[in-house]
Structure formats: C-alpha cells, structure tokens
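Commentary on secondary and tertiary structure
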Amino acid sequence: MAERRRREHVQAERDKFRDYVLTALACLGWCAVGLGFIAWSVHTTDETLGRTAFYAGIGLGNAGIIYTLLAAYRRGEKRGDW
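Our subject in this report is the structure included herewith. (Residues numbered from 1 in each chain as written. Predicted model: local features only at pLDDT ≥ 70, side-chain atom pairs only at ≥ 80, totals over all residues. Heavy atoms only, no water.)

1. A look at the environment of Gly 50
This is how the line gets drawn: Runs of H or I in DSSP of at least four residues are treated as helices and runs of E of at least two as strands, each being numbered from the N terminus.
Along the chain, Gly 50 turns up in helix α2 (residues 47-79). Once the C-alpha coordinates of Gly 50 and Ala 39 are considered, the two residues, 11 residues apart in sequence, prove to be 9.5 Å apart.

What follows is the structure, encoded as structure tokens:
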C-alpha cells in the first residue's frame, strides 16, 4: 500500500510540474503577443492606429497573463495542490 501511495505521489508531482511549465509557457506567449502589438505600434506611421495597437498590446498581454494564472489556480484547487 505504501508503494502504491508513493507512485501516486510521484505521478501527482509530475502532473503539477507539467501544469506549471505549461502555464509559464502560456504566460510567455501572452507576453510575446502583447509585445508584438506594442512593437507594431512603434513602427506604424498612423498615430491613431499606433495608439490603438499600443493599448491593445497592453490589454491583451496583461489580460492573457492574468487569465492564464487564474486558470492555473483553479486547476490547482481542483487537484488539491493548495
């Protein structure tokens, strides 16, 4: 019985680590999307389009990261991590 519990613990830790890595990669992806919009806003010649792209980059980047972290928290709650 102890060996079975040890295997379950190892599997649970592996699942948790995998979720953390995927969450970190998703956050980096959202950061890249936001920075892409901000970089595009710097290179455009239209001021209105530039402002729109700049604020879209800030909004998408931050909102995406926050949503990803909240989703990871909910998954951790469901798994019983904390």
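2. Notes on the pattern of salt bridges
Operational definition: Salt bridge criterion: a side-chain nitrogen from Lys or Arg within 4 Å of a carboxyl oxygen from Asp or Glu. Using a 1.4 Å probe on the protein chains alone, a residue whose accessible area is under 20% of its type maximum counts as buried, one over 50% counts as exposed, and one in between counts as partly exposed.
Under the defined criterion, the tally for this structure stands at 9 salt bridges. In this structure, the salt-bridge partner of Lys 16 is Glu 13, at a minimum N-O distance of 3.5 Å. Here Glu 13 and Lys 16 lie together in helix α1 (residues 2-43), a separation of 3 residues that amounts to about one turn. In this structure, Glu 47 engages Arg 51 in a salt bridge whose closest nitrogen and oxygen atoms are separated by 3.2 Å. Taken together, the residues span about one helical turn, with Glu 47 and Arg 51 both in helix α2 at a distance of 4 residues. The same class applies to Glu 47 and to Arg 51, which are both exposed. Taken together, the salt bridges that share partners define one network made up of Asp 19, Arg 75, Arg 79 and Asp 81.

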